[in-house]
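For reference, the chains in residue letters:
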Amino acid sequence: MNRQVPFVHLNVHTEYSLVDGIARVKELVAAVRDAAMPAVAMADVSNMYAAVKFYRACKEASVKPLLGTEITVCDDADDRVKGQMILLCRNNNGLQHLGRLLTETYVRPRSSQGITVKRSALFAVADDLIVISGGIDSDVAVLLRAGHPDQALELLMQYRAAFGDRYYLEISRTGRPGEGEYEAGALDLAEKTRTPLVASNAVRFLRADDFEAHEIRVCIHEGRVIDDPRRPRRFTDQQYLRNGAEMTELFSDLPSAVENSIQIARRC
């Protein structure tokens, strides 16, 4: 058993996250237990298919299960203005709300932009959910990349009005393009609005040497071959299940972002 260094992974895709996850549920929970981490979140893309299996595995391993999903949220007026975020259930009401929210996205006609949730629908159930912003893939990050910091600030204030201190700006350091620029912008926004930060490793597999298998999964989803030079490289081999000591060292300059991962787990 590793020495316990407090940290909780809140952005984890399992094998049920069909577009980009290969972490098997039971192996994930065992790895979390062996790393002496007290909890872990399931945040698969647009589904909660693994919820029962994940919950039972966590209970058997004495790990606290955090139930959630990663959604694509869009502007009410223009569904092309969108970004990803993670919704975590604070309580049973949150679980019920999230289930209905996902169901509604699947049964209504889809736009050319795929499965999306309008912000107004999200704000309507805000009281029982915690939001992890989505980091470099969030709508806030999209506006920062486009050179619109004022619009990013305005959008962030909308989220703060709806979620209060249950909205967290996600920061990751996995070597993906744009992380450094996004972090600078996010730190500025956090200071201006007193929005809490949370550290993440955007976990898509358990070990660094699982990266190639992960890329094969991504290629299958995208209908590409792995050596296609035109294929977007959206992931790195750093997106594995780092232990608490690794995350603490990685974010040694932002200890509050590490501590907030524990606080969020306690709030669920």
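Up top is the structure.
Definitions and limits used
Residues numbered from 1 in each chain as written. Predicted model: local features only at pLDDT ≥ 70, side-chain atom pairs only at ≥ 80, totals over all residues. Heavy atoms only, no water. Salt bridge = Lys/Arg side-chain N within 4 Å of Asp/Glu carboxyl O. Helix = DSSP H or I, 4+ residues; strand = E, 2+ residues; numbered from the N terminus. Buried < 20%, exposed > 50% of the residue type's maximum accessible area, 1.4 Å probe, protein only. Core = buried A, V, L, I, M, F, W, Y, C linked by side-chain atoms within 4.5 Å. Contact = heavy atoms within 4.5 Å. Polar contact = N/O pair within 3.5 Å; in protein donor to acceptor, adjacent residues only side chain to side chain. Axes fitted to C-alpha atoms, helices over the stretch in contact; angles between N-to-C directions. Left-handed = near helix turned anticlockwise from the far one by under 90°. Nonpolar A, V, L, I, M, F, W, Y, C, P; charged D, E, K, R; others polar. Expected span 1.5 Å × (residues − 1). Arc of directions from axis to C-beta. Pairing = 2+ DSSP bridges. Right-handed = clockwise from strand over helix to strand, strands pointing away. Disulfide = S-S within 2.5 Å.

Visitor: Describe the pattern of salt bridges, with residues and values.
Guide: Throughout the structure, instances matching the rule amount to 16 salt bridges. Residue R119 is joined to D75 by a salt bridge in which the shortest nitrogen-to-oxygen separation is 3.1 Å. With R119 in helix 4 (residues 119–123) and D75 in the loop between strand 2 (64–74) and strand 3 (82–89), the pair connects residues that are 44 residues apart, well separated along the chain. Its relative accessible area of 25% is what places D75 among the partly exposed residues. Connected via shared salt-bridge partners are E15, R24 and K53.

Visitor: Run through the nonpolar core, naming residues and quoting values.
Guide: Membership of the largest hydrophobic core comes to 60 residues, with the highest contact counts inside it found for F54, L87 and L122. Sequence-distant contacts of L87, that is, excluding residues within four places in its chain, are made with L67, G68, T69, I71, L98, L101, L122, L129, I130 and V131.

Visitor: Please set out unusual backbone geometry residue by residue, giving values where relevant.
Guide: Positive phi is not limited to glycine here, since A36 has a value of about 60°. Considering the arrangement of structural elements, one finds A36 in the loop between helix 1 (25–34) and strand 1 (39–45). For A36, a relative accessible area of 12% puts it in the buried group.

Visitor: Pulling in residues and values, what's your account of the side chain of S200?
Guide: Along the chain, S200 turns up in strand 7 (residues 197–200). S200 sits in the buried class, given a relative accessible area of 5%. In this structure the side chain of S200 is engaged in a polar contact, spanning 2.9 Å, whose partner is the backbone nitrogen of A202. Setting aside its immediate chain neighbours within four residues, S200 contacts N11, E170, I171, S172, R173, M247 and F251.

Visitor: Just give me the short version of the environment of P255, but keep the residues and values in it.
Guide: Position of P255 relative to the elements: it lies in helix 10 (residues 255–267). Accessibility expressed as a relative area gives 54% for P255, which makes it exposed. Note: C-alpha distance between P255 and G94 (161 residues apart in sequence) is 28 Å.

Visitor: Help me get a handle on the packing of helix 1 against helix 2 (residues 51–60), residues and values and all.
Guide: Helix packing geometry: the angle between the two helix axes and the distance between the axes. Closest axis-to-axis distance for the helix 1/helix 2 pair is 9 Å, and the angle between their directions is 35°. Crossing geometry of helix 1 relative to helix 2 is assigned as right-handed. Contacts between helix 1 and helix 2 involve V25, K26, L28 and V29 from the first element and K53, F54, A57 and C58 from the second. Of the residues assigned to the contact of helix 1 with helix 2, the class counts are six nonpolar, no polar and two charged.

Visitor: Please set out helix 6 (residues 149–163) residue by residue, giving values where relevant.
Guide: Helix length check: helix 6 (15 residues) gives 21 Å between terminal C-alpha atoms against 21 Å at 1.5 Å per residue, within 8%. Here helix 6 has its buried residues at A152, L155, L156, Y159, R160 and F163. All buried residues of helix 6 fall inside an arc of 145° around its axis, so they share one side. Of the exposed residues in helix 6, those oriented more than 90 degrees away from the buried face are D150, E154 and A161. One or two positions beyond helix 6, positive phi appears at G164, with a value near 60°.

Visitor: Residue-level account of the pairing of strand 6 (residues 167–172), with values.
Guide: Within strand 6, six of the six residues are buried, which leaves the element mostly enclosed by the surrounding structure. Alternating positions in strand 6 separate into two faces, Y167, L169 and I171 on one and Y168, E170 and S172 on the other, with burial throughout. As paired strands, strand 5 (residues 129–132) and strand 6 are joined by two bridges and run parallel to one another. Across the sheet, V131 pairs through a bridge with Y167, a residue of strand 6. Following the chain from strand 6 across helix 7 (residues 179–193) to the adjacent parallel strand 7, one finds a crossover that is right-handed.

Visitor: Tell me about the state of the cysteines, and please be specific about residues and values.
Guide: Under the criterion given, the structure shown has zero disulfides. C89 takes part in no disulfide bond, and the closest cysteine sulfur to it belongs to C268, at a distance of 7.7 Å. Among the residues examined, C89 registers a relative accessible area of 8% and is labelled buried.

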